[in-house]
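# Fold and contact review
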Amino acid sequence: MPGLLNFPPFPDDVPTHPLLVVDYELIKKRDQAEIDKLWKAATELGFWYLKNHGVDQEADEMFEMGAETMRLPLEEKMKYEQGDEGMSFGYKAAGANATDETGALDTVEFINVAKDDALAWPNKVHRDYPSTVNARMENTIKPFVQKSLEVNYTLLEVLGERLGLPKGALEQVHLLEEPSGSETRVIKNPPRPDGMPEDKAALGAHTDFGSLSFLHNRLGGLQVMVPGTEEWQYVRPIPGHAICNLGDAMTIFSGGILRSNLHRVVPPPKEQGKYERWSLVFFTRPGYSVVLRPLAEQSPIIAEAVAKAPPGKYETGQTSKDWFARRIKYQRINNRTGPESWRASRGTEHKPSAY
């Protein structure tokens, strides 16, 4: 991966929130104690470590693809820019998005590749990509997408069972063949400049747009705001462990039983801040045509949760495609008219105007 160096260790003197460690091999075997641990993580914070996922080699090659892409001239990368209409796929330059309602600019650049384009290669579903992406599509990106889908579908299936949903119910709202916002992303954040405060957001506070995110990183910088608190806490990176978190769609489908938690990215803390921070994510999102609403008709457990919530709380009235495009579009700085633009890009955050 980029920057395979002897990084300084993650510091012990910064606020850190421990995550539960879930063993993917045990989840595949339907080990009940491990499923209980996953359920606890999914309903309390919505974040957990995942070990024994078997995707480290593919992740390393994806980091190489990201580095090759980021080394292209900016003029070349901008030919594949996301644009301002709500498409996520493609290149995003640093400073293209707001990180809060004041309009402060982000510092990250990234390349997003649609799941649909990777699986359909050499055919095109959504858009074209830089030459560095195309060169890696068959042997790097597609295998990573396929393995990530296998991991995420397995976790979703287990969560669906605990939600009392019929077998295949969550798969039906994440059909592989239906176009969706599912994508892989390689993110580059530059070293923290001298004088920049450690809490300056590189990527603003948000909940994730979709269903399940599968994250790989080597340096600190990810922070969560634990429900009921006002403090940002780091998530310590652990070698060989991915970080998984649930997104808005799973909170909505479950009637609020599962948690999509507020998080952000800041430069790595202390000495780690002198290095570029690279991260890699695969986002599983519902099919474009799926209306985001609770699956209460299919589960008495979800129906009971919805009955206890304020009427209509999880009835978004939006398809997955519309929800996704709205959130992407209104964080773009070119679409900013004022604080209301940032607010229009929000999801299920418990602090909608959080900084």
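Residues numbered from 1 in each chain as written. Predicted model: local features only at pLDDT ≥ 70, side-chain atom pairs only at ≥ 80, totals over all residues. Heavy atoms only, no water.

A separate point is the packing of aromatic side chains. With the rule as written, the count across this model stands at three aromatic pairs. Relative to Tyr 234, the ring of Phe 10 has its centre 5.8 Å away and its plane inclined at 75°; by these criteria the two rings are edge-to-face. Here the residue Phe 10 occupies a position in the segment before β1 (21-23), and Tyr 234 occupies one in strand β9 (residues 232-234), the gap between them amounting to 224 residues. For the pair Phe 10 and Tyr 234, a shared accessibility class is recorded, and that class is buried. Against the face of Phe 110 rests Arg 185, its NZ or CZ located 4.1 Å from the ring centre. For the cation-ring pair, Arg 285 lies above Phe 283, with the distance from its terminal atom to the ring centre recorded as 4.4 Å. (Phe/Tyr/Trp six-rings, centres within 6.5 Å; stacked < 30°, edge-to-face > 60°. Helix = DSSP H or I, 4+ residues; strand = E, 2+ residues; numbered from the N terminus. Buried < 20%, exposed > 50% of the residue type's maximum accessible area, 1.4 Å probe, protein only. Lys NZ or Arg CZ within 6 Å of the ring centre and 35° of its normal.)

Turning next to the sheet that holds strand β12 (residues 277-284). With mixed pairing, the eight strands of this open sheet are ordered in space as β1-β2-β10-β7-β12-β5-β4-β3. Sheet topology places β1 and β3 (90-92) at the edges, where each strand pairs with a single neighbour. Here the strands of the sheet are splayed against their neighbours by 25° on average, with no regard to which way each runs. Across four bridges, the pairing between strand β2 (residues 47-51) and strand β10 (residues 242-246) is antiparallel. Across the sheet, the residue bridging to Tyr 49 is Ile 243, located in β10. Where helix α3 (residues 56-70) meets the sheet, it contacts β3, β4 (109-114), β5 (183-189), β7 (212-217) and β12, and its direction lies at approximately 115° from that of β12. (Pairing = 2+ DSSP bridges. Axes fitted to C-alpha atoms, helices over the stretch in contact; angles between N-to-C directions. Contact = heavy atoms within 4.5 Å.)

The next thing to look at is the pairing of β10. Where burial is concerned, most of β10 is hidden: five out of the five residues are buried. Every second residue of β10 is oriented toward a common face, with Ala 242, Cys 244 and Leu 246 on one face and Ile 243 and Asn 245 on the other, all of them buried. By the bridge criterion, four bridges tie β7 to β10 in an arrangement that is antiparallel. The partner of Phe 214 across the bridge, within β10, is Cys 244.

Moving on, we come to the pattern of salt bridges. Side chains that carry opposite charge are capable of pairing whenever their charged atoms lie near each other. With the rule as written, the count across this model stands at 30 salt bridges. For Asp 60, the salt bridge is made with Arg 218, and the minimal N-O distance between the two is 2.6 Å. On the criterion of sequence distance, the pair formed by Asp 60 in helix α3 and Arg 218 in the loop between β7 and β8 (222-225) is long-range, its members being 158 residues apart. Classification of Asp 60 as partly exposed rests on a relative accessible area of 24%. The closest approach of N and O atoms between Lys 92 and Asp 106, which form a salt bridge, is 2.6 Å. Here the residue Lys 92 occupies a position in strand β3, and Asp 106 occupies one in the loop between β3 and β4, the gap between them amounting to 14 residues. Residue Lys 92 shares its accessibility class with Asp 106, and that shared class is buried. Among the ionic contacts, a cluster of salt bridges with common partners joins Arg 30, Glu 157, Glu 161 and Lys 167. (Salt bridge = Lys/Arg side-chain N within 4 Å of Asp/Glu carboxyl O.)

All right, on to the confidence of the model for the protein then. Close inspection of predicted coordinates is inappropriate in any region flagged by low pLDDT. Per-residue confidence for the protein averages 93 on the pLDDT scale, and 94% of its residues sit at or above 70. The model gives residues 351-355 a pLDDT under 50, and that stretch makes 15 contacts with residues more than four places away or in other chains. (pLDDT = per-residue confidence, 0-100.)

Time to look at helix α6 (residues 131-162). Relative to the 46 Å expected for 32 residues at 1.5 Å per residue, α6 spans 43 Å between its end C-alpha atoms, a close match to the ideal helical length. A positive phi of about 80° marks Gly 164, the residue just after α6. (Expected span 1.5 Å × (residues − 1).)

Below, the discussion takes up the side chain of Ser 299. Mapping Ser 299 onto the fold places it in the loop between β12 and α9 (300-308). A distance of 2.5 Å separates the side chain of Ser 299 from the backbone oxygen of Leu 163, its partner in a polar contact. At 3.1 Å, the side chain of Ser 299 forms a polar contact with the backbone nitrogen of Ile 302. Beyond its immediate sequence surroundings of up to four residues, Ser 299 is in contact with Leu 163, Gly 164 and Leu 165. (Polar contact = N/O pair within 3.5 Å; in protein donor to acceptor, adjacent residues only side chain to side chain.)

On to the side chain of Asn 152, then. With respect to the helices and strands, Asn 152 occurs in helix α6. By relative accessible area, Asn 152 is classed as buried at 0%. Once you skip the residues sitting within four places of it in the chain, Asn 152 turns out to touch Leu 212, Phe 214, Phe 282 and Thr 284.

The next thing to look at is unusual backbone geometry. Omega for the bond connecting Trp 121 with Pro 122 falls within 30 degrees of zero, at 10°, which places this linkage in the cis form. On the secondary structure map, Pro 122 appears in the loop between α5 (115-120) and α6. Of note in the backbone geometry, Asn 52 takes a positive phi value of approximately 60° without being a glycine. Mapped onto the elements of the fold, Asn 52 is located in the loop between β2 and α3. Owing to a relative accessible area of 41%, Asn 52 belongs among the partly exposed residues under this scheme. Non-glycine residue Lys 270 carries a positive phi angle of around 55°. Mapped onto the elements of the fold, Lys 270 is located in the loop between β11 (263-265) and β12. Residue class for Lys 270 comes out partly exposed when judged on its relative accessible area of 35%.

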